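# Architecture and fold: a report
Residues per chain, in single letters:
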Amino acid sequence: MARRKLLKKEHVVKTLDELLDEAKKYNKLSDKEVDYVVNKIKTYKPGDADDLYILIYILGQASRIEYRKLVEGFLHYPSDSMISRIALIVLCDYWDYTQDYLKEIKQLLALV
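Since the structure is predicted, the reported quantities are computational estimates derived from the model, not experimental observations. (Residues numbered from 1 in each chain as written. Predicted model: local features only at pLDDT ≥ 70, side-chain atom pairs only at ≥ 80, totals over all residues. Heavy atoms only, no water.)

Attention now goes to the packing of aromatic side chains. For the coordinates displayed, the defined rule picks out three aromatic pairs. Note on Tyr-53 and Tyr-57: the rings are 6.4 Å apart at their centroids and 65 degrees apart in plane angle, and the pair reads as edge-to-face. You can see Tyr-53 and its partner Tyr-57 sitting in helix α3 (residues 49-61), four residues apart, about one turn around the helix. Among the residues examined, Tyr-53 registers a relative accessible area of 23% and is labelled partly exposed. Residue classification places Tyr-57 among the buried positions, given a relative accessible area of 17%. Ring pairing ties together the aromatic residues Tyr-53, Tyr-57 and Tyr-94, which thus form one cluster. (Phe/Tyr/Trp six-rings, centres within 6.5 Å; stacked < 30°, edge-to-face > 60°. Helix = DSSP H or I, 4+ residues; strand = E, 2+ residues; numbered from the N terminus. Buried < 20%, exposed > 50% of the residue type's maximum accessible area, 1.4 Å probe, protein only.)

As a further point, take the environment of Ser-63. Here Ser-63 shows up in the loop between α3 and α4 (68-72). Taking the C-alpha atoms as reference points, Ser-63 and Lys-28, separated by 35 residues in sequence, lie 6.4 Å from one another. Once residues within four sequence positions are removed from consideration, Ser-63 is found in contact with Asn-27 and Trp-95. (Contact = heavy atoms within 4.5 Å.)

Each pair of packed helices gets described by two things: the angle between the helix axes and the distance between those axes. For the pair helix α5 (residues 81-94) and helix α6 (residues 102-111), interaxial distance at closest approach is 11 Å and the crossing angle is 145 degrees. Judged by the sense of rotation from one axis to the other, the crossing of α5 with α6 is left-handed. Across the interface between the two elements, Arg-85, Leu-88 and Cys-92 of α5 pack against Glu-104, Ile-105 and Leu-108 of α6. Of the residues that constitute the contact of α5 with α6, the class distribution is four nonpolar, no polar and two charged. (Axes fitted to C-alpha atoms, helices over the stretch in contact; angles between N-to-C directions. Left-handed = near helix turned anticlockwise from the far one by under 90°. Nonpolar A, V, L, I, M, F, W, Y, C, P; charged D, E, K, R; others polar.)

What follows covers the pattern of salt bridges. The final tally for this structure, using the stated rule, is seven salt bridges. Two residues, Asp-31 and Arg-64, come together in a salt bridge whose shortest N-O distance is 3.4 Å. Residue Asp-31 is found in helix α2 (residues 31-42), and its partner Arg-64 is found in the loop between α3 and α4; the two are separated by 33 residues along the sequence. Residue class for Asp-31 comes out exposed when judged on its relative accessible area of 52%. The class for Arg-64 is buried, based on a relative accessible area of 15%. (Salt bridge = Lys/Arg side-chain N within 4 Å of Asp/Glu carboxyl O.)

With that settled, consider the side chain of Lys-14. Along the polypeptide, Lys-14 turns up in strand β2 (residues 12-15). A polar side-chain atom of Lys-14 sits 2.8 Å from a polar atom in the side chain of Glu-22. Here Glu-33 takes part through its side chain, which lies 2.5 Å from a polar atom of the side chain of Lys-14. (Polar contact = N/O pair within 3.5 Å; in protein donor to acceptor, adjacent residues only side chain to side chain.)

This paragraph deals with the nonpolar core. Formed by 34 residues in total, the largest nonpolar core has its most connected members in Ile-41, Leu-52, Ile-56, Ile-58, Leu-59, Val-71 and Phe-74. When residues of this core are traced back to their parent elements, those giving at least two are α1 (16-26), α2, α3, α4 and α5. The residues touching Ile-56, leaving out its near neighbours within four places in the chain, are Ile-41, Val-71, Phe-74, Ile-83, Ile-86, Ala-87 and Val-90. (Core = buried A, V, L, I, M, F, W, Y, C linked by side-chain atoms within 4.5 Å.)

Okay, here's the thing in structure tokens:
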């Protein structure tokens, strides 16, 4: 099932999956696309964890480290550990800040 329609760009509607594929392929998105993803994360409503997961994933794949603080805000997400997991993956694996998050890594490993 395709993700919800996300962004109109020159009369083309992109889904979250398409944005993720683009970010994976090129490690970047347009500023308009990133602004949309960031806005969706900032205005996230509980109950839509699948979209939140992929939105954080997109931001990580797009190499937009200027949003580090935004992603950090999801490190401790008790209602869905997968959100915490993707935030940690983005910060440590994609953006190479592992040394700054050793405490969080240990906490996540303790849950396993």
